[in-house]
Amino acid sequence: MRYRNTLSMAFKAAIVVLAIFITPCVFGQQPPVKPSGTQVVLLGTGTPGIDPDRSGPATAIVVNGTPYLVDFGPGVVRRAKAAVVDRGIKALEPTNLRVVFVTHLHSDHTVGYPDLIFTPWTVGRRVPLEVYGPKGLKAMTEHLLEAYQVDIETRTNEHGNQRGFPDGHKVNAHEISAGVVYKDANLTVTAFPTKHAMESYGYRFDTPDRSVVITGDTNPTQTTIDACRGCDVLIHEVNTLASLAKRPEFQPFAAKYHTNTAQLAELAGHAKPRLLILYHHSIALRPAVSPLLSSPEELLNEMTARYSGHVVVGHDLDVY
Ligand SMILES: [Zn+2]
Ligand SMILES: [Zn+2]
């Protein structure tokens, strides 16, 4: 009996140990957080598809304690707070979110905009947002501020909770073209044109210790290869061939404006990033989300069969 109990305890201990080591792999949570230097924090790796495990597209580059955002898909502010609480990245406290770059104005990349404008203000952000992106950004910004006039008036009048810091909801929207679009003591940000269904840009971040390139949504382009050219990190969108095969109605659009694994493998072979992070990908962690999507393993298998460089499947709240 005692022998059986010992065996049972050993079995349970083995299960606990296995769970500790397997769980981070399954959910993409990496135990080690890069302690210093430039950090890439994946806030949202999803697509328009509604997946409770993957927020809308949003990525943070953190340099010397200052966060710079790329895109504001749904859930962006809560994912930033999750990075503070779950990953210990204090820089992503939402009141610190002040400088933002938008790849394009598709809704899956921008429906978190009012959240980003107003929520950090209500908890104490005192300065305007600085937002950089393609033409149409100014109109989108003005319309959102107009839509929330009742809220703004109520919060800033003599009885309002935010009357002491009435500038925290303001936005300076900068419509950009290709080239250097931003520079401060931490980094230089260069926009490059990508190929998508509307005006769209990818961004290269040059910091004291790293070069990071992020594409947003795009067909494979030479401009991405030129922007990277041996960069430290390339964050690129991708669809699996397996999921595309199940969605014939999406194939013509995807062929013109998105990238599949075979195309990305070829592109990465030319761009030669030290690390390729896959995001905005046609996967789900749980099959119940959609039968049309691939598993992370299927995506990684499609890539590694065609590309021998260092490649990882990005998940929300991963830190690189
Ligand atoms: Zn798009
Ligand atoms: Zn998208």
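Residues numbered from 1 in each chain as written. Chains lettered and ligands numbered in written order. Predicted model: local features only at pLDDT ≥ 70, side-chain atom pairs only at ≥ 80, totals over all residues. Heavy atoms only, no water.

A. Highlighting the overall build of the chain. The helix and strand inventory of the chain stands at 11 helices and 13 strands. Here the chain holds 320 residues, and 52% of them are scored as buried. Across the chain, the fraction of contacts at a sequence separation of at least 24, relative to all contacts at a separation of at least 6, is 66%. Summing over all exposed atoms, the chain offers an accessible surface of approximately 14600 Å²; the carbon and sulfur share of this is 58%. (Helix = DSSP H or I, 4+ residues; strand = E, 2+ residues; numbered from the N terminus. Buried < 20%, exposed > 50% of the residue type's maximum accessible area, 1.4 Å probe, protein only. Contact = heavy atoms within 4.5 Å. Areas by Shrake-Rupley, 256 points an atom, 1.4 Å probe, with all protein chains shown as cover.)

B. Structural context of the pairing of strand 11 (residues 233-238). With 6 of 6 residues buried, strand 11 is to be regarded as a mostly interior element. Residue alternation in strand 11 divides its side chains into two sets, Val 233, Ile 235 and Glu 237 and Leu 234, His 236 and Val 238, and both sets are buried. Inspection of the sheet shows strand 10 (residues 211-214) paired to strand 11 by 3 bridges, in the parallel sense. Note that in strand 11 the partner of Val 213 across the bridge is Leu 234. (Pairing = 2+ DSSP bridges.)

C. Quick look at the coordination of the zinc ion (ligand 2). Around the zinc ion (ligand 2), the donor atoms from the protein are Asp 108 (OD), His 109 (NE2), Asp 217 (OD) and His 280 (NE2), and they sit 2.1 to 2.2 Å away. The coordination sphere of the zinc ion (ligand 2) comprises 4 donor atoms, whose angles at the metal cover 91 to 161°; the geometry is irregular. Each donor residue of the zinc ion (ligand 2) belongs to the same chain, and together they define the spacing D-H-x107-D-x62-H. Between the zinc ion (ligand 2) and the zinc ion (ligand 1), both coordinated by Asp 217, there is a metal-metal distance of 3.5 Å. The exposure classification of Asp 108 matches that of His 109, with both residues buried. (Donors = N, O, S within 2.8 Å, 3.2 Å for Na, K, Ca; no water. Tetrahedral: all angles 85-135°; square planar, octahedral: opposite > 155°, others 65-115°.)

D. Highlighting the packing of helix 4 (residues 113-122) against helix 6 (residues 149-156). Interhelical geometry of helix 4 versus helix 6 gives an angle of 15° and a closest axis separation of 13 Å. Judged by the inter-axis angle, helix 4 sits roughly parallel to helix 6. Where helix 4 crosses over helix 6, the handedness of that crossing is left-handed. Where helix 4 abuts helix 6, its residues Phe 118, Trp 121 and Thr 122 lie against Asp 151, Ile 152, Arg 155 and Thr 156. (Axes fitted to C-alpha atoms, helices over the stretch in contact; angles between N-to-C directions. Parallel < 35°, antiparallel > 145°, perpendicular 65-115°, else oblique. Left-handed = near helix turned anticlockwise from the far one by under 90°.)

E. Quick peek at the environment of Ser 211. For Ser 211, the position within the fold is in strand 10. Judged by relative accessible area, which is 9%, Ser 211 ranks as buried. Considering only alpha carbons, one finds Ser 211 and Cys 231, 20 residues apart in sequence, at a separation of 5.4 Å. If we ignore the near neighbours within four places in the chain, the residues touching Ser 211 are Arg 204, Phe 205, Asp 206, Cys 231, Asp 232 and Val 233.

F. Quick look at the coordination of the zinc ion (ligand 1). Coordination of the zinc ion (ligand 1) by the protein is provided by His 104 (NE2), His 106 (ND1), His 196 (NE2) and Asp 217 (OD), with metal-donor distances spanning 2.1 to 2.3 Å. Its 4 donor atoms give the zinc ion (ligand 1) angles of 92 to 160° at the centre, a pattern that matches the irregular case. Read in sequence order, the donor residues coordinating the zinc ion (ligand 1) give the pattern H-x1-H-x89-H-x20-D. Given a relative accessible area of 0%, His 104 falls into the buried group.

G. Inspection of the nonpolar core at higher detail. Grouped together as the largest cluster of nonpolar side chains are 36 residues, with contacts concentrated most on Val 41, Leu 43, Leu 92 and Val 131. Broken down by secondary-structure element, the contributors of at least two residues to this core are strand 1 (39-44), strand 2 (58-63), helix 2 (76-87), helix 4, strand 5 (129-133), helix 5 (137-147) and strand 6 (171-175). Per-element accounting of this core gives the leading share, 6 residues, to helix 2. The contacts of Val 131, once residues within four sequence positions are left out, are Phe 72, Val 100, Val 102, Tyr 113, Leu 137, Val 171, Asn 172, Ala 173 and His 174. (Core = buried A, V, L, I, M, F, W, Y, C linked by side-chain atoms within 4.5 Å.)

H. Fine view of the state of the cysteines. Counted according to the given criterion, the structure contains 1 disulfide. Each sulfur in the disulfide pair Cys 228 and Cys 231 lies 2.2 Å from the other. On the sign convention where negative is left-handed, the bridge of Cys 228 and Cys 231, at about -85° about the S-S bond, is left-handed. Like Cys 231, Cys 228 is buried. (Disulfide = S-S within 2.5 Å.)

I. Here's a closer look at the sheet that holds strand 1. Spatial strand order, 1-2-3-4-5-6: 6 strands in an open sheet with mixed pairing. In this open sheet, the two strands that pair with only one neighbour each are strand 1 and strand 6. The sheet shows a mean angle of 20° between the axes of neighbouring strands, taken without regard to direction. Each of strand 3 (66-70), strand 4 (99-101), strand 5 and strand 6 touches helix 4; the most contacted strand, strand 5, lies at about 165° to it. In the packing of helix 5 onto the sheet, the strands contacted are strand 5 and strand 6, and the crossing angle to strand 6 comes to about 160°.

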